[in-house]
Each structure stands twice: as C-alpha cells, then as structure tokens.
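Fold and contact review
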Amino acid sequence: EQTSEKYDEGLIIDQNIKEGQKVSKGEEIGVIVSGGVPSADMPDVLGKSEDDATDIIKRISQASIKFEYEVRDGVEHGIVLNQEPKSGTKINDDTIIVLTISEPEDVIKIKVPNLVGKTEEQAKKEIEKAGLKIGNITEVDSDKVEKGLVVTQTIYAGDEVTENTALGFSISKG
C-alpha cells in the first residue's frame, strides 16, 4: 500500500506486469494499492498564538486554515481558543481547519487579499499593502498553475483578520 494524491484509497496504482503482457496460468501479479491521500494527526494548538498554531499545522500539512475571531475577556489577544477538527483527528491537504482566535473589542479588521495567480513579488506587495505580515512561503508541485505563481494561501481571500496577521502562500514549481 502506498499513499497517493492521484488515486483514491483501494485503487491499484501500479503492477509488476505491463499491460498486455502474457502471463502463465496461476502466475502471481504484484500490485500496489493506493492508501489514499497522505494524512497526519491534527496537532493540539489550543492556547498557542495564531502564528505558532499556523506554523505547527503547516509543518505537517498544506491544509487550508480559516480564522474566526471572538472577543474573550481575560484572554491574551491572538490566542487559539478553539480548533476544528479536534486534536488527533486525521487531516490531509484537502482539510479545512477552523481556528477561533481571541481578540480585544477595539481591534481593526483587515480584509485578506486574493494572492492566487500572482507572482511571489506581487503577493508580497499585496500582503504588505494590506497591513499584514508575510508568512511562510512554500513551493508545491502543480500541473494546474503556471510555475512561479501562487497556488494557495494560508488564509482565505475575503476573510477579515487583525493587523499584522501572518499570511503565507504556496508557489507552483510547475
């Protein structure tokens, strides 16, 4: 069994005999079966800062992270109050993770710009222009997005975040 981003779990992804090759009756044919998309356990990020939580998650997965903000008295600004999915749940690159972050009442909200399809330099300028910080920048294989352009971003375009929130993105390797 082998993980695969191309083939669903349980499908044969390779075999040791070429298609059309004749085999003897009773001869064994070796196959590799897809284990599905690679997955990892969702880490426990409760009580961590927004930036630390994002970094921890991005080290193990390219899952999308959506942020929600909640005013909570007596809690330091920018701390993870809740996470979905819960710690220990299997996640993969298609998972959407929702982190609830504490914020003070008088916080300024900034709308996250859309970086998808922009060059790395254009994306960095958009982030800085919006009053956000440049987060982690990774390179990913993509047969759908031209080399050198942004494929995904760590926070959805249009979401509202606080000033100086880190916004990371992935650049296509082609």
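Structure first, text after, so check above.
Report follows, based on the coordinates. (Residues numbered from 1 in each chain as written. Predicted model: local features only at pLDDT ≥ 70, side-chain atom pairs only at ≥ 80, totals over all residues. Heavy atoms only, no water.)

**Describing the overall build of the chain**
The criterion, for reference: Each helix is a run of H or I in the DSSP string that is no shorter than four residues. Each strand is a run of E no shorter than two, and both are numbered from the N terminus. Radius of gyration here is computed from C-alpha atoms only, and the compact-globule reference equals 2.2 Å multiplied by the residue count raised to the power 0.38. Throughout, exposure labels follow a simple rule: accessible area from a 1.4 Å probe, protein chains only, divided by the maximum for the residue type, with under 20% read as buried, over 50% as exposed, and the rest as partly exposed. Each accessible area value is a Shrake-Rupley result obtained with a 1.4 Å probe; residue values ignore everything except the protein chains displayed when judging cover. Think of it this way: Lys and Arg go in the positive column, Asp and Glu in the negative one, and His and the chain ends go nowhere. Charge placement uses NZ in Lys and CZ in Arg. For Asp and Glu, CG and CD serve respectively.
In terms of helices and strands, the chain carries 2 helices and 12 strands. In sequence order, the secondary structure elements of the chain are arranged as β-β-β-α-β-β-β-β-β-α-β-β-β-β. Against the globule reference of 16 Å for 174 residues, the chain gives a C-alpha radius of gyration of 21 Å, more extended than a compact globule. Overall, the chain is about 75 × 35 × 20 Å in size when its C-alpha atoms are taken along their principal axes. Of all 174 residues assigned to the chain, the portion counted as buried reaches 33%. Accessible surface for the chain amounts to roughly 10,800 Å². Of this, 45% is attributable to carbon and sulfur atoms. Across the chain, the mean location of the 21 positive side-chain charges is 5 Å away from that of the 35 negative side-chain charges.

**Some thoughts on the side chain of Ser-102**
Quick reminder of the rule: In this analysis, two residues are considered to be in contact whenever any of their non-hydrogen atoms come within 4.5 Å of each other.
By the secondary structure assignment, Ser-102 is in strand β7 (residues 96-103). In contact with Ser-102, not counting residues within four places along its chain, are Glu-70, Val-75, Glu-76, His-77, Gly-78, Ile-79 and Leu-81.

**Side note on the nonpolar core**
Threshold: Think of a nonpolar core as a cluster: buried Ala, Val, Leu, Ile, Met, Phe, Trp, Tyr and Cys residues, connected wherever their side-chain atoms sit within 4.5 Å.
Val-45, Ile-97 and Leu-99 are the most contacted members of the largest nonpolar core, which totals 26 residues. Only α1 (50-60), β4 (64-71), β7, α2 (120-129) and β12 (166-172) provide two or more residues apiece to this core.

**Describing a nonpolar patch on the surface**
We count it as follows: Like-charged residues within 9 Å of one another, or nonpolar side chains (Val, Leu, Ile, Met, Phe, Trp, Tyr) within 5 Å, are grouped into patches, provided each residue has over 30% relative accessible area and no salt bridge. Each salt bridge in this description consists of a side-chain nitrogen of Lys or Arg and a carboxyl oxygen of Asp or Glu lying within 4 Å of one another.
Residues Ile-12, Val-23, Ile-29 and Val-31 make up a contiguous nonpolar surface patch of roughly 320 Å² in combined accessible area. The class of Val-23 is partly exposed, set by a relative accessible area of 38%.

**As for the sheet that holds strand β5 (residues 80-84)**
What counts is decided by this rule: Each pair of strands is called paired provided DSSP finds at least two bridges between the two strands. Every angle, taken between N-to-C directions, lies between 0 and 180 degrees, and every axis is a line fitted to C-alpha atoms, over only the stretch in contact when it is a helix.
Spatially, β4-β7-β5 is the arrangement adopted by the 3 strands of the open sheet, whose pairing is mixed. Each edge of the open sheet carries a strand with a single partner, namely β4 and β5. Each strand axis lies, on average, 20 degrees off the axis of its neighbour in the sheet, ignoring direction. As paired elements, β5 and β7 share 4 bridges and run antiparallel to each other. Directly across from Asn-82, in β7, lies its bridge partner Thr-100. Sheet strands touched by α1: β4, β5 and β7. Its angle to β4, the strand with the most contacts, is close to 160 degrees.

**Side note on the environment of Ala-166**
Looking at the secondary structure, you find Ala-166 in strand β12. Separated by 112 residues in the primary sequence, Ala-166 and Thr-54 have C-alpha atoms spaced 8.8 Å apart. Ignoring any residue separated from it by four or fewer positions in sequence, one finds Ala-166 in contact with Asp-51, Lys-133, Gly-135, Thr-154 and Ile-155.

**Section: the sheet that holds β12**
Taken together, 3 strands build an open sheet; the order of strands is β9-β12-β10 and the sheet is mixed. Lying at the two open borders of the sheet, with one neighbouring strand each, are β9 (133-140) and β10 (150-153). Going across the sheet, the axis of each strand differs from the next one's by a mean of 25 degrees, ignoring polarity. As paired elements, β9 and β12 share 6 bridges and run parallel to each other. Residue pairing in the sheet places Ile-137 in a bridge with Phe-169 of β12.

**Comments concerning the environment of Lys-129**
Along the polypeptide, Lys-129 turns up in helix α2. On a C-alpha basis, the gap between Lys-129 and Asp-41 in space is 35 Å, while along the polypeptide they are 88 residues apart.

**Structural notes on the environment of Asp-14**
Among the secondary structure elements, Asp-14 is positioned in strand β1 (residues 12-15). In this structure, the C-alpha to C-alpha distance between Asp-14 and Val-31, residues 17 residues apart in sequence, is 5.7 Å. Among residues more than four places away in sequence, those in contact with Asp-14 are Gly-30, Val-31 and Ile-32.

Don't take any of this as a statement about function, it's just geometry.
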